[in-house]
Amino acid sequence: MKTSLQPRPAWVSHFTSRFPQWRSMAQMEDLPEFRSYLEREFPEGASEWSDGLSRRRFLGLMGASLALAGFCSCSRQPIEKLAPYVRQPPELIPGEPLWFASAHLLSGVARGILVESHEGRPTKVEGNPDHPGSLGGTDAMMQASILQLYDPDRSQTPLKRGIPSTWNALLTELLRPAARWGATKGAGLRFVSGRTTSPTLLDQMNQVIARYPDARWTIHEPAVNSSALRVVCNVERADVILAIDADFLGSSPAQLAYARQFARRRKPGDTMNRLYVAESAPSLTGAAADHRFVLGPDDLFRLPERIEHVLSGASDESMSWLGALARDLGNHSGRSLVLAGEFLPAAVHEAVYALNTRLGNIGSTVQYLPGLPEPAKALPFSDLVAEMQNGKVEALLILGTNPVYTSPADIDFAKALSRVPFTLHHGLYVDETATHCSWHLPETDTLESWSDAAAFDGALCLLQPLIEPLYDGISPHELLAALLGQPAAKSYDIVRGYWLQRIGGADFGETWHRALSDGVVAGQTLRPSPAVATSTPRTPPEPLSGEGLHLLIRPDPHVYDGRFANNAWLQELPKPLTKITWENAAHMAPSTASRINLKHGDVVELDFFGRKITAPLWVLPGMAEDSVLIHLGYGRTSAGKVGDGVGFNAYALRTQEAPWGGSGLQVRATGARHVFSTTQEHSAMEYSHPVRFATLTEFKKRPEFVHAIEETPAYEESLYPPVVYNGYSWGMTIDLNTCIGCSACIIACQAENNIPVVGRDQVMRGREMHWIRVDRYFSGPAEAPQILHQPVPCMHCENAPCEVVCPVAATVHDSEGLNAMVYNRCIGTRYCSNNCPYKVRRFNFFHYSETKSPTLKMQRNPQVTVRTRGVIEKCTYCVQRISAARIKSEVASRAIRDGEVVPACAQACPAEAIRFGNLNDPVSVVRQFKKDPRNYSLLGELNTRPRTTYLARIFNHNTEIS
């Protein structure tokens, strides 16, 4: 369906933006490369094979081969032997999944999950609504954790200097010096691990230190800052929020809980909250803001103090936006909230603490709790390295962390490691650190072993295994138990024994069972560290200062600090704000790039106090001037087949004095150019206002504004008679007021529907397979644009343009209004894709779903067909879930209840932005949302009558700020 991009008519309602919405600088400037995306059915190269063979040429060459196919006998399928249950477990019904509560750990902090298991094979992760760390939501990392479980690149056997060995052989070599350590009190024995909140593991750590008093333990967690206090917020209680470089909706350990709390206050009306964000680089929290202020790092550092001066009357900035912001905070004393990003200097945190105290927020919207516990006699990382270099370390055990890769650039951990006689690495992968150790021991995945952990607020939960260890993995509990003289101890006995000692009682068995079932240990919270600070959080040192640009170093939104680099789902997931896949980049504001004569895609040299790397340049609207943002987690050399050699290593610029950057960065062009693997302009629609929005004041005056901004009049006439759905009639709404653009829905859909990854080369050709995408738009000037997100699944149009052009009726309407795909009929003409104005259909150019790994096949959902080459795929509203609910309701002789069918995207959404249900049910939630005056159809003027509609975004602007 081809139309030309028309200029916006003058009569379009003033409630829309004063600027058109644009995806990239190329679209804003109307460059030819963007026009090519609009004029072609697929991006250039998408219809050709990898070697340049065109589709037309391929059909010509294959014509004779296809004609001769009748002379050949049918191919035989490979022999696959089946084995029935001899004794089927009574609780197991074939085809019926079981659910188990557990937790996903991110830097040691637990987020509660529910894991779907088919005949002992976990296939899908959902959020646990009873766990305070998730409240039923998930993020992309949690959804992708199921793929990590089955990763064939995971370490599979103990290694001694790279040669396969056994756990018993390691025990023999480990326990021999252990007897001597007892006599020397552990002198020369050192441990390094990531951050943990497991009370059982912390108890074991302290037992080890008690057994070997001169041993020391070091916590090395590169993506976070240790803090003497934890900042725990009640976002739902706050009427006014100020986030100073604090991405609490996108990268906080509490982001799922905060996103849900925040979304509950975004319903337009008198109780709607207001969010201010001041930041140097765009973030998900900044995109959700009612007012976003683009400030350089130096201005950010001074912002809390300037607000304090306005509140105290010591400043003359009362007439500026700063004065309006300060008054808004002051007028909501006890109901406001000020947050500082954890990567900001200590002085900023101290000022924010004082500001929350002045505003009366402490105890109301924010609490400062004791920090996460650490083992006794903790040793700083730099002191450990100094001991290693001086030959004072006899044995070093590294548990679940990768310091060779993640150490600051001014610490050569690999060289220091070579001076230690006995080194043991315990981890999921044979990573950079493992290759430099004398021993490597495989670690069990969190879904393979027993453990426990704490949420961001201290609530404790149990982790239970969903499957026997796939490889020869050992849990951290079992490794420490061996050092404590219990080499045969199992994780279950260790964890249960700790809790029996902690809570005991005659009803312990019932308490244990309830904790496993609910996913939370009722009434139990994290015990504070023995030494607890009583003032503000301990934060990183002041950033380095020098002549040049300001460098910002942050964890990647998907691969984090590099621990998820081998996860193909996360690598192929477009970044929320740039839509980059399979790599990282150096981000810079358009004005800064123009001033120093750089262009988007230039390969530049980044020089930070003599440390140099090269990186491709991504010109990003909304960046502060004279700032450059880079992300950690790439440039791996021993991540696995998926993650090796992807992107550049930002750790090379990270030092002990500047872990998160500082001023003094020099940027120089190398003369080389880089082509990004990005989906930013893929599936671009010829429509200038896909996201409709207004201010709260304007919405109250004219709630029907969304129906007055069509660029062409909508027509209801149709050549086809209307269809009456007497039974169920399924539909969906997506609330753009609560959607934060986190992309959890994309990975949830991928896991649920067996969607394959295609790789960097295929993404560059426009062949990504995701059934749902999250479009990101900018609106306004490039220096400080408004950032907008819009998830786009199949619209399930009532007047579907795809159905009328399919020559074999592979895409059809079913009796409940779904636009279904019959894969066995599809012959791959792609006419339907060409005729879809929403560009939501995907074509299998190759056998993307083929894999020789038996473990990867175990992840697939048995309720969903695995598609082969040459068919169109798309969103089905998770029809398998609809069918399962229908079967249950028919067995019970009742109708499907509202909320009984929840598609994967809706179930994963931490902000509950996606609602689904029966449109024929007058009391269903989706029916009520369809009645909302904000409800509108994307491209509604085409009269496709989509069943997926949107609720317009409303900004709660401060009227004092223009």
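What counts, and where the lines are drawn
Residues numbered from 1 in each chain as written. Predicted model: local features only at pLDDT ≥ 70, side-chain atom pairs only at ≥ 80, totals over all residues. Heavy atoms only, no water. Helix = DSSP H or I, 4+ residues; strand = E, 2+ residues; numbered from the N terminus. Buried < 20%, exposed > 50% of the residue type's maximum accessible area, 1.4 Å probe, protein only. Contact = heavy atoms within 4.5 Å. Areas by Shrake-Rupley, 256 points an atom, 1.4 Å probe, with all protein chains shown as cover. Phe/Tyr/Trp six-rings, centres within 6.5 Å; stacked < 30°, edge-to-face > 60°. Patch = residues over 30% accessible without salt bridge, like charges linked within 9 Å, V, L, I, M, F, W, Y side chains within 5 Å. Salt bridge = Lys/Arg side-chain N within 4 Å of Asp/Glu carboxyl O. Pairing = 2+ DSSP bridges. Axes fitted to C-alpha atoms, helices over the stretch in contact; angles between N-to-C directions. Parallel < 35°, antiparallel > 145°, perpendicular 65-115°, else oblique. Left-handed = near helix turned anticlockwise from the far one by under 90°. Nonpolar A, V, L, I, M, F, W, Y, C, P; charged D, E, K, R; others polar. pLDDT = per-residue confidence, 0-100. Expected span 1.5 Å × (residues − 1). Arc of directions from axis to C-beta. Core = buried A, V, L, I, M, F, W, Y, C linked by side-chain atoms within 4.5 Å. Polar contact = N/O pair within 3.5 Å; in protein donor to acceptor, adjacent residues only side chain to side chain.

1. Overview of the overall build of the protein
Phase 1: When you go through the protein residue by residue, the secondary structure sums to 27 helices and 37 strands.
Phase 2: Of all 962 residues assigned to the protein, the portion counted as buried reaches 60%.
Phase 3: Intrachain contacts of the protein at a sequence separation of at least 6 include 75% that bridge at least 24 residues.
Phase 4: Surface accessibility of the protein: about 38,300 Å² in total, with carbon and sulfur atoms responsible for 53%.

2. Some words on the packing of aromatic side chains
Phase 1: Applying the stated criterion across every chain, the model contains 25 aromatic pairs.
Phase 2: Where Phe343 meets Trp660, the ring centres are 4.1 Å apart and the plane angle is 45°; that geometry is what we call tilted. Within this pair, whereas Phe343 is found in the loop between strand E13 (336-340) and helix H11 (346-358), its partner Trp660 is found in the loop between strand E24 (627-631) and strand E25 (661-673), the two being separated by 317 residues in sequence. This pair shows no difference in class: Phe343 is buried, exactly as Trp660 is.

3. Structural notes on a nonpolar patch on the surface
Phase 1: Taken together, the side chains of Leu719, Tyr720 and Val804 present a nonpolar region at the surface, about 390 Å² in accessible area.
Phase 2: On the basis of relative accessibility, which here comes to 53%, the residue Tyr720 falls in the exposed class.

4. Some thoughts on the sheet that holds strand E11 (residues 274-279)
Phase 1: Spatially, four strands are ordered E12-E11-E10-E13 in an open sheet, and the strand pairing comes out parallel. The open sheet has two free edges, formed respectively by strand E12 (291-294) and E13, since each of these has just one partner strand. Taken pair by pair, the neighbouring strands of this sheet meet at an average axis angle of 10°, ignoring direction.

5. With respect to the environment of Ser743
Phase 1: Here Ser743 lies in the loop between strand E27 (730-735) and helix H21 (744-752).
Phase 2: Between the alpha carbons of Ser743 and Cys909 there is a distance of 8.6 Å; along the sequence they are 166 residues apart.

6. Brief notes about the pattern of salt bridges
Phase 1: Taken as a whole, this structure holds 39 salt bridges when the rule is applied.
Phase 2: A salt bridge links Arg260 to Glu912, with the nearest nitrogen and oxygen atoms 3.9 Å apart. Here Arg260, found in helix H7 (residues 255-263), pairs with Glu912, found in the loop between helix H26 (904-908) and strand E34 (914-918); they are 652 residues apart in sequence, far enough to count as distant.
Phase 3: According to the relative accessible area criterion, Arg260 is buried, its value standing at 7%.

7. Comments concerning unusual backbone geometry
Phase 1: The phi angle at Leu135 is positive, at roughly 55°, despite the residue not being glycine.
Phase 2: Here Leu135 shows up in the loop between strand E4 (121-127) and helix H4 (140-149).
Phase 3: Unlike most non-glycine residues, Tyr560 shows phi in positive territory, near 65°.
Phase 4: Positionally, Tyr560 belongs in the loop between strand E20 (549-554) and helix H18 (568-572).
Phase 5: A relative accessible area of 8% places Tyr560 in the buried class.

8. A look at the packing of helix H9 (residues 297-312) against H11
Phase 1: Orientation of H9 relative to H11, taken along the N-to-C sense of each, is 30°, at an axis distance of 8 Å. By the angle between their axes, H9 is roughly parallel relative to H11. Crossing of H9 over H11 shows left-handed handedness. Side by side, H9 and H11 meet where Phe301, Pro304, Ile307, Glu308, Leu311 and Ser312 of the first sit next to Val348, Ala351, Val352, Leu355 and Arg358 of the second.
Phase 2: Of the residues that constitute the contact of H9 with H11, the class distribution is eight nonpolar, one polar and two charged.

9. A short note on the pairing of strand E23 (residues 611-619)
Phase 1: As paired elements, strand E21 (residues 586-588) and E23 share three bridges and run parallel to each other. In the strand pairing of E23, Ala586 is matched with Leu617.
Phase 2: By the bridge criterion, six bridges tie strand E22 (residues 602-608) to E23 in an arrangement that is antiparallel. Across the sheet, residue Leu606 finds its bridge partner in E23, namely Ile613.
Phase 3: Between E22 and E23, which pair antiparallel and follow one another directly, the connecting turn spans two residues, one of which, Phe609, has a positive phi of 55°.

10. A closer look at the confidence of the model for the protein
Phase 1: In the predicted model, the protein carries a mean pLDDT of 87, and 88% of its residues have values of at least 70.
Phase 2: Low pLDDT, under 50, characterises residues 1-18; the stretch is placed with 41 contacts to residues that sit more than four places away or in other chains.
Phase 3: A low-confidence stretch, residues 531-538 (pLDDT under 50), is modelled with 17 contacts involving residues beyond four sequence positions or located in other chains.

11. A word on H11
Phase 1: Here H11 spans 18 Å end to end across 13 residues, near enough to the 18 Å set by a 1.5 Å rise per residue.
Phase 2: Within H11 the residues assigned to the buried category are Val348, His349, Val352, Leu355 and Asn356. The buried residues of H11 occupy one face: seen down the axis, they fall within an arc of 120°.
Phase 3: Structurally, H11 contributes buried residues whose contacts are with strand E10 (240-244), H9, E13 and strand E14 (366-370).

12. Points about the pairing of strand E36 (residues 948-951)
Phase 1: Side chains Thr948 and Tyr950 of E36 all project onto a buried face; the interleaved residues Thr949 and Leu951 project onto the opposite face, where all are buried too.
Phase 2: Alignment of E27 against E36, held across four bridges, turns out to be parallel. The residue of E36 that forms the bridge with Asp735 is Leu951.
Phase 3: Across two bridges, the pairing between strand E35 (residues 935-936) and E36 is antiparallel. What sits directly across from Asn935, in E36, is Leu951.

13. As for the packing of H4 against H21
Phase 1: At a minimum axis separation of 8 Å, H4 and H21 run at an interaxial angle of 20°. Classified by the angle between their axes, H4 and H21 sit roughly parallel to one another. Regarding H4 and H21, the two cross each other, and that crossing is left-handed. Contacts from Ala140, Gln143 and Ala144 of H4 reach H21 at Ala744, Ile747 and Ala748.
Phase 2: Of the residues contributing to the contact of H4 with H21, the split by class is five nonpolar, one polar and no charged.

14. Focus: helix H12 (residues 381-389)
Phase 1: Buried residues of H12: Phe381, Leu384, Val385, Glu387 and Met388, and no others. In an axial view of H12, the angular spread of the buried residues amounts to 160°, which keeps them on one side of the axis.
Phase 2: Gly391 sits one or two residues past H12 and shows a positive phi near 75°.

15. Regarding the sheet that holds E34
Phase 1: Across the sheet, four strands lie side by side as E34-E27-E36-E35; this open sheet has mixed pairing. With partners counted over all chains shown, the strands left at the sheet margins are E34 and E35, one partner each.
Phase 2: Relative to E34, E27 is paired through five bridges, and the arrangement is antiparallel. Across the sheet, Trp730 pairs through a bridge with Asn918, a residue of E34.

16. Thoughts on the nonpolar core
Phase 1: The biggest cluster of nonpolar side chains holds 91 residues, and the ones touching the most others in it are Trp730, Tyr838, Tyr877 and Tyr950.
Phase 2: Here this core takes seven residues from H4, the largest share from any one element.
Phase 3: Apart from the residues lying within four places of it in its own chain, the contact partners of Tyr950 are Ile734, Leu736, Gln790, Pro791, Val792, Pro793, Met795, Arg934, Asn935, Tyr936 and Leu938.
Phase 4: Judged by nonpolar contacts, the second largest core, of 43 residues, contains Cys233, Ala246, Leu249 and Leu275.

17. A few points about the environment of Gln880
Phase 1: If you trace the backbone, Gln880 turns up in helix H25 (residues 879-891).
Phase 2: According to the relative accessible area criterion, Gln880 is buried, its value standing at 13%.
Phase 3: Once the C-alpha coordinates of Gln880 and Val901 are considered, the two residues, 21 residues apart in sequence, prove to be 9.8 Å apart.
Phase 4: Of the polar contacts made by the side chain of Gln880, one reaches the side chain of Glu752; its length is 2.8 Å.
Phase 5: Reaching out from Gln880, the side chain makes a polar contact with the side chain of Asn753 at a distance of 3.3 Å.

18. Remarks on the side chain of His291
Phase 1: As for its placement among the helices and strands, His291 is situated in strand E12.
Phase 2: Of the polar contacts made by the side chain of His291, one reaches the backbone nitrogen of Asn958; its length is 2.8 Å.
Phase 3: Setting aside chain neighbours within four positions, we find His291 in contact with Leu275, Tyr276, Val277, His957, Asn958 and Ile961.

19. Concerning the environment of Ser833
Phase 1: Within the fold, Ser833 resides in helix H23 (residues 831-834).
Phase 2: On the accessibility criterion, Ser833 (9% relative accessible area) is buried.
Phase 3: Remark: the alpha-carbon pair of Ser833 and Glu873, spanning 40 residues in sequence, is separated by 9.8 Å.

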